[in-house]
Amino acid sequence: MTDSLRDKTIVIVGAGPGFGRTLALRAAAEGATVVVAARTASRLDGIVEDVRAAGGTAIAAAVDATDPESVRALRETVGEHTDAVHGLVYSAFAVPSMKPLAETDHDQISRGMDLSVLGALRATQEFTPLLEAGSSNGAASNGTQPASPSSVVMMASAVIHHSRERYAGYKIAKTALVALGHSLATELGPRGIRVNTVAPGYIYGDTLKAYFEHLAGKYGGGVDDVYAHTASRMDLRRLPTEDEIVDPVLFLLSDAASAITGQTLTVDCGEFHT
Ligand SMILES: NC(=O)c1ccc[n+]([C@@H]2O[C@H](COP(=O)([O-])OP(=O)(O)OC[C@H]3O[C@@H](n4cnc5c(N)ncnc54)[C@H](OP(=O)(O)O)[C@@H]3O)[C@@H](O)[C@H]2O)c1
């Protein structure tokens, strides 16, 4: 623990049981007050309990990122606790169609875009005033003050680097999310808000293990075989853990990344050289 997020409020939209929970615990351990938001209130309460048990500070707030009124209500709830937000992580995700485009209903693509792209835009737009209030940008004071711009981190995927069969719906949404991040970085930079995306190859936690079990059942072999087959494409011959995806997100949220905006950081144990 380095206190890299001390006195900062970080909002995680789409806080799931793996990456989102680990990020909440680690951000709180770095000194942040963490707001965990998603649709499943019982899970959010569990994350808050875990953060508090570890000595951190967290608040749970239910949100449906596809519903503008719900995102507004989240911002109002956060606004009751603080007048400034320093970091926003957008991680909301639902399993896409995984069918070839020829068999993919356009509504499925629209739903993926609505959650992954417009949800990220809704959340960023809604939180911009609070993020601006949380920013202190050194450039605006001719560098005489240390820079501490606010930070938005959007969770993309290394699917942006390949065009494998069945990943089209996911790729379309995550690639558009990266484009959104670029444009938001341009628009919000002058207001002292940085915007970056992180593109994990895989996040090896319970969700992915369950998927590998499914693949093992379907194609034969065991989970270890599926893992080894998948990892054989990586330079490091293994898959990133949840903590290894959280690490760069914490970095991008912190002032150690105060001059980094408009970037996409691929974290994939070396599958793609970008
Ligand atoms: N897991 C991987 O291997 C992997 C690889 C590359 C990229 N990524 C990306 O990394 C991020 C985290 O991945 P993950 O596997 O931890 O995802 P995850 O477990 O599916 O967590 C994402 C959470 O988003 C929430 N969500 C879904 N729809 C929502 C909505 N309408 N409003 C608000 N929240 C919503 C869900 O919680 P509720 O159902 O409670 O709302 C879900 O728990 C995702 O953006 C994913 O695309 C993951």
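Residues numbered from 1 in each chain as written. Predicted model: local features only at pLDDT ≥ 70, side-chain atom pairs only at ≥ 80, totals over all residues. Heavy atoms only, no water.

A. Up close: the overall build of the chain. For the chain, the count of helices and strands is 8 helices and 7 strands. On C-alpha atoms alone, the chain measures out to a radius of gyration of 18 Å, which is about the 19 Å that the 2.2 N^0.38 rule sets for 274 residues. Counting only C-alpha atoms and orienting by the principal axes, one finds that the chain spans roughly 60 × 40 × 35 Å. Taking contacts inside the chain between residues at least 6 apart in sequence as the whole, the part at least 24 apart equals 72%. Looking at the chain as shown, the accessible area adds up to about 12,900 Å², and 51% of this sits on carbon and sulfur atoms. (Helix = DSSP H or I, 4+ residues; strand = E, 2+ residues; numbered from the N terminus. Rg over C-alpha atoms; globule rule 2.2 N^0.38 Å. Contact = heavy atoms within 4.5 Å. Areas by Shrake-Rupley, 256 points an atom, 1.4 Å probe, with all protein chains shown as cover.)

B. Region of interest: the pattern of salt bridges. Within the structure shown, the criterion is met by 12 salt bridges. A salt bridge links D255 to K8, with the nearest nitrogen and oxygen atoms 3.3 Å apart. Of this pair, D255 sits in the loop between α8 (242-253) and β7 (264-267) while K8 sits in the segment before β1 (9-13); the two residues are 247 residues apart in sequence, bridging distant segments of the chain. For D255, a relative accessible area of 31% translates into the label partly exposed. The closest approach of N and O atoms between E244 and R238, which form a salt bridge, is 2.8 Å. Classification of E244 as partly exposed rests on a relative accessible area of 27%. In this structure R238 comes out as partly exposed when scored by relative accessible area, which is 31%. (Salt bridge = Lys/Arg side-chain N within 4 Å of Asp/Glu carboxyl O. Buried < 20%, exposed > 50% of the residue type's maximum accessible area, 1.4 Å probe, protein only.)

C. Here's a closer look at a negative patch on the surface. On the surface, a cluster of negative charge is contributed by D67, E69, E76 and E80. When you line up the elements, E80 lands in helix α3 (residues 68-81). Among the residues examined, E80 registers a relative accessible area of 67% and is labelled exposed. (Patch = residues over 30% accessible without salt bridge, like charges linked within 9 Å, V, L, I, M, F, W, Y side chains within 5 Å. Lys, Arg positive; Asp, Glu negative; His and termini not counted. Charge placed at Lys NZ, Arg CZ, Asp CG, Glu CD.)

D. Here's a closer look at the site of the ligand. Around the ligand lies a shell of 25 residues, among which R39, T40, D64, A65 and I203 are the nearest. T40 places a side-chain nitrogen or oxygen 2.5 Å from an oxygen atom of the ligand. One nitrogen or oxygen atom from the side chain of Y170 is found 3.0 Å from an oxygen atom belonging to the ligand. Across the shell around the ligand, the residue classes break down as 14 nonpolar, 7 polar and 4 charged. (Near = heavy atom within 4 Å. Polar contact = N/O pair within 3.5 Å; in protein donor to acceptor, adjacent residues only side chain to side chain. Nonpolar A, V, L, I, M, F, W, Y, C, P; charged D, E, K, R; others polar.)

E. Local environment of the packing of helix α1 (residues 19-29) against α8. For the pair α1 and α8, interaxial distance at closest approach is 9 Å and the crossing angle is 55°. With respect to α8, the axis of α1 lies oblique. Note that α1 runs across α8; the crossing there is right-handed. Judged by residue contacts, F19, T22, L23, R26 and A27 of α1 engage E242, D243, I245, V246, D247, V249 and L250 from α8. Within the contact of α1 with α8, the residues separate by chemical class into 7 nonpolar, 1 polar and 4 charged. (Axes fitted to C-alpha atoms, helices over the stretch in contact; angles between N-to-C directions. Parallel < 35°, antiparallel > 145°, perpendicular 65-115°, else oblique. Left-handed = near helix turned anticlockwise from the far one by under 90°.)

F. Molecular detail of helix α7 (residues 223-231). Taken residue by residue, α7 has V226, T230 and A231 as its buried positions. The buried side chains of α7 occupy one side of the element, clustering within an arc of 125° when seen end-on. Turned more than 90 degrees off the buried face of α7, the exposed positions are D224 and H229. (Arc of directions from axis to C-beta.)

G. Layout of the nonpolar core. One finds V13, L74, Y90, F127 and M154 to be the most contacted residues of the largest nonpolar core, which totals 35 residues. For this core, the leading source of residues is helix α4 (residues 106-133), giving 7 residues. Apart from residues no more than four positions distant in its own chain, V13 is found in contact with A37, V63, A65, L74, L88, V89, Y90, S91, A92 and A123. Counting 30 residues, the second-largest nonpolar core is a separate cluster that includes L5, V48, V51 and A58. (Core = buried A, V, L, I, M, F, W, Y, C linked by side-chain atoms within 4.5 Å.)

H. Just the pairing of β1, in detail. By the criterion of burial, β1 is predominantly enclosed, with 5 of the 5 residues buried. The two faces of β1 match: T9, V11 and V13 on one face and I10 and I12 on the other face are all buried. In this view, the connection linking β1 to its parallel neighbour strand β2 (residues 33-38) by way of α1 has right-handed handedness. Judged from the 4 bridges that link them, β1 and strand β4 (residues 87-90) form a sheet pairing that is parallel. Counted as the bridge partner of I10 is G87 from β4. (Right-handed = clockwise from strand over helix to strand, strands pointing away. Pairing = 2+ DSSP bridges.)

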